[in-house]
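Overview (structure and organization)
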Amino acid sequence: MLTYTIRRLLMLIPVLFGMTFVVFFIIRAIPGDPAQVILGQQATKEAVAQLTEKLGLNDPWYVQFFHYVKGLLSGDLGESLRSSAPIKDEIWPYLAATLELSLVAMFIAIFIGVNAGIISAWFQNSWFDYVAMILALIGISIPVFWLGLMEQWAFSLELGWLPSTGRENVRDPVEVVTNLYLIDTLIAGRFDQFGEVIRHLILPSLALATIPMAIIARITRSSMLEVMRSDYIRTARAKGMRMFFVVYKHSLKNAVIPVLTVIGLQVGLLLGGAILTETIFGWPGIGRYIYEAIGFRDYPVIQSGILIIATIFILINLIVDLLYVAIDPRIKYN
Amino acid sequence: MTKPILQVENVKKYFPITGGILGKKIGDMKAVDGVSFHVNEGETLGIVGESGCGKSTTGRMLLRLIEPTEGTILFDNRDLRALPKKEMRKVRRHIQMIFQDPYASLNPRHTVEKILEEPLIVHGIGNEAERKKKVSDMLEVVGLTSYHARRYPHQFSGGQRQRIGIARALMTNPKLIIADEPVSALDVSIQSQVLNLLKDLQKEFQLTYIFIAHDLGVVRHISDRVGVMYKGRMVELADAEKIYQNPLHPYTQQLLAAVPIPDPEYYQADEQAAIQFGTLPSKYVIDDSWMNIDSERDDLIEVAPGHFVACRLK
Amino acid sequence: MPVLAKRENETNELQLEEAVSPWREGWKTFKKNKVALVGSGIVLFFIIIAILAPLLAPYGINEQQLSIRNNPPSSEHWFGTDDFGRDIFSRVIYGARISLWVGLVSVAGSVIIGCFLGIIAGFYGRWIDTVISRIFDIMLAFPSILLAIAVVAVLGPSLQNALIAIAIINIPNFGRLIRSKVLSVKQEEYIMAARAVGMSDGRILFHHVLPNSLAPIIVQATLAIATAIIEAAALGFLGMGAQPPQAEWGKMLADSRQYIIQAPWTVLFPGIAIMLTVLGFNLMGDGLRDALDPKMKS
């Protein structure tokens, strides 16, 4: 197991390197001169040339790439062209916002998805099963940005129950410690604001959770059905074990593998969907950070932002892979 | 004495074993470790051994379906290993193969007609009408009817499928057929039918067979000579009767002792009467320590005319 | 030629039975699947709408009547009008053309390129496989919409470039699928048999490996069209796909969202159109999976 983990980590190195390379070149291929963009259309030629030189954009690409990778290895993500601040310092609040949103969404998706799947499987062909599966089918087909818009329209603009944008009550902010506002409000002991943060989270996280929830519910149901039909569950039931134990002890443990796969895959969708959800709900997350940076030709921000998202994504998938091996003795790791 | 159609000299196949964090090569799996034999025109050479002894790998190497690591294969005095890929493909017209599993060796998405016609197309034999004619003729030859040509493999029984596999091997009029456990996947009741078919076909088309099996009983039924393989090596090679009447190598003796007796009551009186163990001429000695530990092995020596045993001079 | 073997008795019984190809069996299963038929019906419905759009749409896509801006649904304008007084019903109908076009063409592109790379990787193995597989790994390491945004950022925002971006991001999915399928088919004994017959690699590939890999490709492609339509709409929504005055569903949503309070129908109908189309392809894909490739079901 340890050898396998080490080997998988070593295998990440070429992928990470390749990713850096790809991102570096995509960014360089975006049309437009960043110096010109920063200084505006009225800037003199001299000023543009000076800034280009200062940014190191005159160096051959491999020199630029070398400097970039060298910086990355020492934990330096570069400087934002727009704000001149080190990205390392600037990015965390955005990243934390996205993490908070994604984690809550994933939690909702898993909790509702798995339970709906189990109940559907147990009461197969009941009205609950039909309704749940039709909703799941619609769920996997719904565009997340449209769902977000409709939620926003119904629950905040029409009914006025929930706030439509932002993360907190901006008129009465809480001191920022971790940038995860759920934690920050608790640290500050501000339970009123904690409630506010939750109210702000509900709509975007529900929108973001819909697709993964639908997929998890479908997968849980079908793998539960498969497990429930297997001989050893039939034996357990024949031995007179109570339904609760049969389901939760035997079936769930075996249904967890396919669900795990989906969760691993959904993280990508979630991070991608976060960009759209953040746009709609004015959520100051990393998706919006990158998206705005594209408009400003802020190369270093786009570059490092994409790289960070991709790194998180592959690390999560690695963890999922390792969990498989840990959970399922049948999966061999070579 | 007939002339040899195939001569195999010291053929080896090593598969690399990998391990460790970087997946480096840490050793060799010696699937076939220096096998030599020849096959005469029109005869049947049986190759027996337990599963994993390298007999199937040997069969596949003869067609270079698996590339040998080392050794020479002469077919009609042409060195097959020296041939470029394209030439090798042409040679396969003359050497065909019958596979063990009639369920897996036929493409499930092709009709029988397409399966049988394909070798002809590949080797550019005949025009379309001639090919179709040959397909229906060959179906008759192996005991099916031309009516079956439009069916798919899954619509046939195991025995029928193996007949299709045999028909496919015969389509290009090959000289040599390598039959890799052609009956082991079949019911015992069907086995003899298929074996008899193979025998009849051999007479009719002057075929040479290499017949690979793990079952000495089946091999005895069809072979002129028999080679016994163990752990990637040939341990004994002789006329079929000599192998069964006068087995010299301890492994061959073990193998024969394990053959089930058709009518146990008949033999109950004298259990060992069925198997006669021969004795090696006294100037030879067999070192069989390699059967358990990995030590130096002996080459085949002709201890009696036509009887080869892995042993050494005293 | 002489008849050497005695015919087996069972051959006579078989003569009554029809020849059944695996494809026809799949079709039989598919026909029985009501949900899949509903999905195919939806897809067909949108295809017909797309083809007949000029006949069905009562107004032009860019026919503006500023006197009736943001009017609610009425007998003249079934889905209401937008901020320019354009008929939303007509624009949704024309939008079917764009979405289906992007979905079909981009997936066709990914299938062709993905299959090509996947086959090479799976069939030839060794370093070619390593290189191609690593490239797929790297592409899959990015959340797909992010990669699409990056590609569009390079190429410039337009419907065509969105299509290219979507095609690119889907390549590794098909590449991997085909690669693993080729690897498993390659292990089949009938491939060994084909080589033993003297067949060339190319012929084995086109006559044996590809036809046996076709079923999962069809299933995956159908589901990929659904995803591609959503991705195209997402890019349109972000302003990185279709440009005005093109009637693209995602772009229509983006343009109307600021009027959502006064005119919610401007946002409602394009969204329902996206959802229904995607649902149709998803249902159809599920049905095809059950019919053609029971083992793939998860």
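Here the structure is a predicted model, which is why all the values come from computation and not from measurement.

**A closer look at the overall build of chain C**
The helix and strand tally for chain C stands at 12 helices and 0 strands. Listed N to C, the secondary structure of chain C is α-α-α-α-α-α-α-α-α-α-α-α in terms of helices and strands. The globule rule puts the C-alpha radius of gyration for 298 residues at 19 Å, and the 24 Å found for chain C is more than 25% above it. With the C-alpha coordinates of chain C rotated into their principal frame, the extents come out at 90 × 50 × 30 Å. For chain C, the proportion of its 298 residues judged to be buried stands at 56%. For chain C, long-range pairs separated by at least 24 residues make up 71% of all intrachain contacts whose partners lie at least 6 apart in sequence. As displayed, chain C offers around 12,900 Å² of accessible surface, 64% of which is attributable to carbon and sulfur atoms. Within chain C, the 22 negative side-chain charges are centred at a point lying 4 Å from the centre of the 24 positive side-chain charges.

**What about the UniProt feature "transmembrane region" (unreviewed entry) in chain C?**
Residues and elements named next belong to chain C. Taken from the UniProt record, the annotation "transmembrane region" (unreviewed entry) applies to residues 35–57, 98–123, 135–156, 217–238 and 259–284. The span residues 98–123 is 100% helix and 0% strand, and its two end C-alpha atoms sit 37 Å from each other. As a span, residues 217–238 carries 95% helix and 0% strand, and end to end its C-alpha atoms are 30 Å apart.

**Here's the deal with the nonpolar core**
Counting residues in hydrophobic clusters, the biggest one holds 134 residues, and the most contacted among them are A:M19 and A:F145. It is helix α10 (residues 201–237) of chain C that provides the largest number of residues to this core, a total of 16 residues. Once residues lying within four places of it in the same chain are set aside, the contact partners of A:F145 are A:L276, A:I280, C:I230, C:A233, C:A234, C:F237, C:L253 and C:I274. Grouped together as the second largest cluster of nonpolar side chains are 50 residues, B:I98, B:F156, B:V219 and B:V228 included.

**What about the domain arrangement of chain A?**
All names here are of chain A. Entries for chain A in the domain assignment read domain 1 (2–73) and domain 2 (92–327). The C-alpha centroid of domain 2 is placed 33 Å from the C-alpha centroid of domain 1. Summing the contributions of domain 1 and of domain 2, the shared interface buries around 1,700 Å²; its carbon and sulfur component is 75%. Taken as a group, R8, I27 and Y68 account for 27% of the area that domain 1 buries against domain 2, more than any other trio of residues on that side.

**Some points on the packing of aromatic side chains**
For any pair of aromatic rings, the description rests on two quantities: the centre-to-centre distance and the angle between the ring planes. Evaluation of the coordinates by the stated rule reveals 21 aromatic pairs over all chains. With a centroid separation of 5.0 Å and an interplanar angle of 55°, the aromatic rings of A:F21 and A:F25 are classed as tilted. In this pair, A:F21 and A:F25 both sit in helix α1 (residues 2–29), 4 residues apart, roughly one turn of the helix. Taking the centre distance of 4.2 Å and the plane angle of 40° together, the rings of B:Y230 and B:Y251 count as tilted. With B:Y230 in strand β9 (residues 225–230) and B:Y251 in helix α9 (residues 250–257), this pair connects stretches of sequence that are 21 residues apart.

**Observations concerning the environment of A:F21**
Residues and elements named next belong to chain A. The partly exposed category is assigned to F21, whose relative accessible area is 33%. C-alpha separation for the pair F21 and Q303, spaced 282 residues apart in sequence, amounts to 10 Å. Among all residues touching F21, those that are not within four sequence positions of it are W61 and F65.

Conventions adopted
Residues numbered from 1 in each chain as written. Chains lettered and ligands numbered in written order. Predicted model: local features only at pLDDT ≥ 70, side-chain atom pairs only at ≥ 80, totals over all residues. Heavy atoms only, no water. Helix = DSSP H or I, 4+ residues; strand = E, 2+ residues; numbered from the N terminus. Rg over C-alpha atoms; globule rule 2.2 N^0.38 Å. Buried < 20%, exposed > 50% of the residue type's maximum accessible area, 1.4 Å probe, protein only. Contact = heavy atoms within 4.5 Å. Areas by Shrake-Rupley, 256 points an atom, 1.4 Å probe, with all protein chains shown as cover. Lys, Arg positive; Asp, Glu negative; His and termini not counted. Charge placed at Lys NZ, Arg CZ, Asp CG, Glu CD. UniProt positions renumbered as here; feature names shortened; annotations may be inferred. Core = buried A, V, L, I, M, F, W, Y, C linked by side-chain atoms within 4.5 Å. Domains from an automatic or database assignment. Buried area = accessible area lost by both parts, 1.4 Å probe. Phe/Tyr/Trp six-rings, centres within 6.5 Å; stacked < 30°, edge-to-face > 60°.

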